[in-house]
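Notes for the structure review
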Amino acid sequence: MNKLFNVNNLVFLIVLLLIAYGCKNAKNINFDESSESTDASNGLSANEAMVYSLPSPYQVSSLIKIAGIDYEKNIIEMPMKHSNLYSSPEYKSLNLGASLVDLYYTTIFEEYPTSAVFLQRVDELMYESGMKSVKFSKFANRIENNLDNKDSLYHYIGLYQQQFEDYYSVSDEKQKTFLIVSGVYIEGLYLLSEMYQNSFYTKSLTPFMEKSLNTSILQQAIFLDNLIELLESFNDPKIEPFVLRFKTLQNLFTTINIEYSLGKKNEIQQVKLLKKHMFQIHEIAKVLREDIILERI
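So, here is what we can say about the structure in this document. (Residues numbered from 1 in each chain as written. Predicted model: local features only at pLDDT ≥ 70, side-chain atom pairs only at ≥ 80, totals over all residues. Heavy atoms only, no water.)

Quick look at the overall build of the protein chain now. The helix and strand tally for the protein chain stands at 12 helices and two strands. Tracing the protein chain from N to C terminus, the helices and strands come up as α-α-α-α-α-α-α-α-α-α-α-β-β-α. Across the protein chain, the fraction of contacts at a sequence separation of at least 24, relative to all contacts at a separation of at least 6, is 80%. Accessible surface, the protein chain: about 13,700 Å² in total, of which carbon and sulfur atoms supply 49%. (Helix = DSSP H or I, 4+ residues; strand = E, 2+ residues; numbered from the N terminus. Contact = heavy atoms within 4.5 Å. Areas by Shrake-Rupley, 256 points an atom, 1.4 Å probe, with all protein chains shown as cover.)

Here we take up the packing of helix α9 (residues 174-201) against helix α12 (residues 275-293). Running from N to C, α9 and α12 point in directions that differ by 135 degrees, and their axes come no closer than 8 Å. Compared by their axis directions, α9 and α12 come out oblique. As for the relative orientation of α9 and α12, their crossing is left-handed in sense. Of the residues in α12, those touching α9 at Ile186, Glu187, Leu189, Tyr190, Ser193, Glu194, Tyr196, Gln197, Phe200 and Tyr201 are Lys275, Met278, Phe279, Ile281, His282, Ala285, Lys286, Leu288, Arg289 and Ile292. Of the residues contributing to the contact of α9 with α12, the split by class is 12 nonpolar, three polar and five charged. (Axes fitted to C-alpha atoms, helices over the stretch in contact; angles between N-to-C directions. Parallel < 35°, antiparallel > 145°, perpendicular 65-115°, else oblique. Left-handed = near helix turned anticlockwise from the far one by under 90°. Nonpolar A, V, L, I, M, F, W, Y, C, P; charged D, E, K, R; others polar.)

Glancing now at the nonpolar core. Of all hydrophobic cores here, the largest spans 71 residues; its most connected members are Ile64, Tyr185, Ile217, Phe246 and Phe253. For this core, the secondary-structure elements that each account for two or more residues are α3 (57-66), α5 (89-108), α6 (112-128), α9, α10 (207-232), α11 (240-256), β2 (268-272) and α12. (Core = buried A, V, L, I, M, F, W, Y, C linked by side-chain atoms within 4.5 Å. Buried < 20%, exposed > 50% of the residue type's maximum accessible area, 1.4 Å probe, protein only.)

So, about the packing of aromatic side chains. Tallied over the entire structure, the rule returns 10 aromatic pairs. Between Tyr71 and Tyr105 the ring centres are 5.1 Å apart and the planes differ by 25 degrees, which places this aromatic pair in the stacked class. Highlighted residues: Tyr71 in the loop between α3 and α4 (77-81) and Tyr105 in helix α5, separated in sequence by 34 residues. Grouping residues by exposure puts Tyr71 and Tyr105 together as buried. Ring geometry for Tyr105 versus Phe109: centroids 5.3 Å apart, planes at 65 degrees, classification edge-to-face. There is no split in this pair, since Tyr105 and Phe109 are both buried. By way of ring pairs, the aromatic residues Tyr196, Phe200, Tyr201 and Phe279 are connected into one cluster. (Phe/Tyr/Trp six-rings, centres within 6.5 Å; stacked < 30°, edge-to-face > 60°.)

Take the pattern of salt bridges next. If you walk through the whole model with that rule in mind, you get seven salt bridges. Between Glu187 and Arg289 there is a salt bridge; the shortest N-O distance is 2.8 Å. Here Glu187 is found in helix α9, whereas its partner Arg289 is found in helix α12, with 102 residues between them in sequence. Arg289 shares its class with Glu187; the two are buried. Linked by salt bridges that have partners in common, Arg245, Glu290, Asp291 and Arg296 make up one network. (Salt bridge = Lys/Arg side-chain N within 4 Å of Asp/Glu carboxyl O.)

Right, here's the structure in full:
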């Protein structure tokens, strides 16, 4: 993973949170660990990897890259053009999570000028959310002047990772953490389903792409069950409207009832997901994502 911020640390943090909350929906399932996949739980023990059941901002982008899907700038134009100013801590957290996904997406595809836009967005949202005490001065100019130096970009991403972990270690606002993860989830699900739909209509959807995307959508269904359970555990009326919207998506996953088979090592081998169901998932994810960006929930 080179100099992208320490994904294993983020995974370990989430694992600890899952253990603390006793999440009962963790799945003892291994997603494809072939040479064509990225194992986001690399470096964890078997027991820790078993309960890893929440999304990280790195996963979706790496899967898209590995699956051979081309970069599509128009997919992230809406959040890129929207104002960073949000009226409530809940929207700040959700959009921070979404911006982290977009930051990874543009960075993994080496679209550094666009990465700089999302890097500044992450910086401002972290500041507004109370996760860092000051904003970087003359931030945009500093990044733009160093776009040819990837180390500069990775340096700032690493700083944000450390600040996120430092904040969590001292803050009592744990629901904020899971709203950020919820933003990661919604943006990730939107990117995956949008990529599927675009590839289908342009007739560029290969069997390997389809297999990768179908498997990732199954994992998203598992993630959602755990996110809803964790958010509901806070019994916070301020996040209840968001939970209700997430449950609409959860109900769709339940109705679809994604089928899959397991291999000898308990790895996912085949996921049966009809195209019409993928399009239904995309439609709900698209509307939910827009409502989070535009503060319409």
